[in-house]
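# An overview of the molecular structure
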Amino acid sequence: MSTTLRWIGTGGGLNVALGNTSFTLRSEGDRTLLVDCGFTVPGRLMELNEIESITDILITHLHADHIGGLETMGFYRRFASGHTGDMRPKLHLPTEELAHTLWENALKAGLGHTRDADGTPIDAHLDTYYQMSIGLNVEIEGLPPVRLAETPHVHDTHNFCMYIGDRVFYSGDTIELPPHEPEFIFQDCQFGRSGPSEIHISYERLRDELPPEVKAKTHLVHLAAGYENYDAQADGFAEFVVPDQNFEF
Ligand SMILES: [Zn+2]
Ligand SMILES: [Zn+2]
């Protein structure tokens, strides 16, 4: 069974030209997992005519370039698609604490008040729009198992990287070097070393500290504007990933 990983966007948080970093995972089954749903993502999924095919959404952390599309996605699926009950997308979050913060501090203002099918006003919650799934191990029928692990990004926040089966790693947003073992490493980065204020691992640290054989299977995402000024392949990386790029594994 082969799985297709398709990049919806590969931009850094402030680089909307490439879209927010996000991808889908799909196999022969009828489930499609969207990993991260930033503010550019629902619009791009509408352009691709894929917004209704997303059955599962996994969130790595709470920055807007990873969650800013969840309000539009929730409203679209509830009202444009009429997807209630078992048709609601399943929202996978690593911890209850993240689910609580996501709702109280990010989504409640917009999604908290809505109406039911009869037009009666209701107080809504995350599960009005999404089937909820909490935990570090994510099992989706027909897709490789996903395992989440906490990773440092911005102080006092919780952020997660992910392993897809035993062959693929996605860093989420982090200041840590990636593991060496996976066959495909999708890694965020920032350009220029910035010391203690670093919030993504720097391109320069990845270039200088990863062994050549690991760098050769490291595909860089979450790309800031100006990434074109660097030559990732000359520096030993697999590449800079661009939107719509597909990987099969
Ligand atoms: Zn980000
Ligand atoms: Zn972030």
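In every chain, residue numbers begin from 1 and rise along the written sequence. Labels are handed out in written order, letters beginning with A for the chains and numbers beginning with 1 for the ligands. Only residues with pLDDT of 70 or above have their local features reported here, since the model is predicted, and side-chain atom pairs are shown and tallied only from 80 upward, although totals for entire chains, interfaces and linings are computed over all residues. Each side-chain value is worked out from all heavy atoms of the structure, with water and hydrogens disregarded.

## Considering the nonpolar core
Put simply, a nonpolar core is a bunch of buried Ala, Val, Leu, Ile, Met, Phe, Trp, Tyr and Cys residues held in one set by side-chain atoms that sit within 4.5 Å of each other. The buried label goes to any residue with under 20% of its type's maximum accessible area, the exposed label to any with over 50%, and the partly exposed label to all in between, with areas taken from a 1.4 Å probe on protein chains only. Ranked by size, the top nonpolar core spans 24 residues in total, and within it L34, I57, L70, M73 and L91 carry the most contacts. In DSSP terms, a helix is any run of H or I states spanning at least four residues, a strand is any run of E spanning at least two, and both are numbered starting from the N terminus. For this core, the secondary structure elements donating two or more residues are α1 (41–47), α3 (70–80), β5 (90–93), α4 (96–111) and α5 (126–129). Here this core takes five residues from α4, the largest share from any one element. Setting aside anything within four residues of it in sequence, one finds L34 in contact with I8, S22, F23, T24, V41, L45, I54, D56, I57, L58 and M73. Of all hydrophobic cores here, the second largest spans 23 residues; its members include L5, L58, L143 and F184. By definition in these notes, contact holds between two residues if any of their heavy atoms fall within 4.5 Å.

## Concerning the sheet that holds strand β9 (residues 137–138)
For sheets, the rule is that strands pair by backbone hydrogen bonds, running either parallel or antiparallel. Note on pairing: two strands pair once DSSP finds at least 2 bridges between them. One open sheet holds the seven strands; their spatial order is β9-β10-β11-β12-β13-β14-β15, and the pairing between them is mixed. Looking along the sheet, the strands with just one partner apiece sit at the ends: β9 and β15 (239–240). Where strand β11 (residues 160–164) lies against strand β12 (residues 168–170), three bridges are found, and the strand directions are antiparallel. Bridge pairing in β12 places M162 opposite Y170.

## Quick word on the coordination of the zinc ion (ligand 2)
Coordinating donors are taken to be N, O and S atoms lying within 2.8 Å of the metal, or within 3.2 Å when the metal is Na, K or Ca; because water is excluded from the atom set, some sites may appear incomplete. Summarising the metal site, the zinc ion (ligand 2) is bound by the protein donors H61 (NE2), H63 (ND1), H153 (NE2) and D173 (OD), whose distances to it range over 2.1 to 2.3 Å. Considering all four donor atoms around the zinc ion (ligand 2), angles at the metal cover 88 to 164 degrees and the coordination shape is irregular. Ordering the donors of the zinc ion (ligand 2) by residue number gives the pattern H-x1-H-x89-H-x19-D. The metal-metal distance between the zinc ion (ligand 2) and the zinc ion (ligand 1) comes to 3.5 Å, with D173 coordinating both. Of this pair, H63 sits in the loop between β4 (56–58) and α2 (64–67) while H153 sits in the loop between β10 (146–150) and β11; the two residues are 90 residues apart in sequence, bridging distant segments of the chain. In this scheme the shape depends on donor count and angles: four donors with every angle between 85 and 135 degrees give tetrahedral, four or six donors with opposite pairs above 155 degrees and others between 65 and 115 give square planar or octahedral in turn, and any other case is irregular.

## Quick notes on unusual backbone geometry
Positive phi outside glycine occurs at D156, with the angle close to 65 degrees. Here D156 lies in the loop between β10 and β11. With relative accessibility at 76%, the residue D156 sits in the exposed group. A positive phi angle, near 75 degrees, is found at D244, a position not held by glycine. The residue D244 is located in the loop between β15 and β16 (246–248) in this model.

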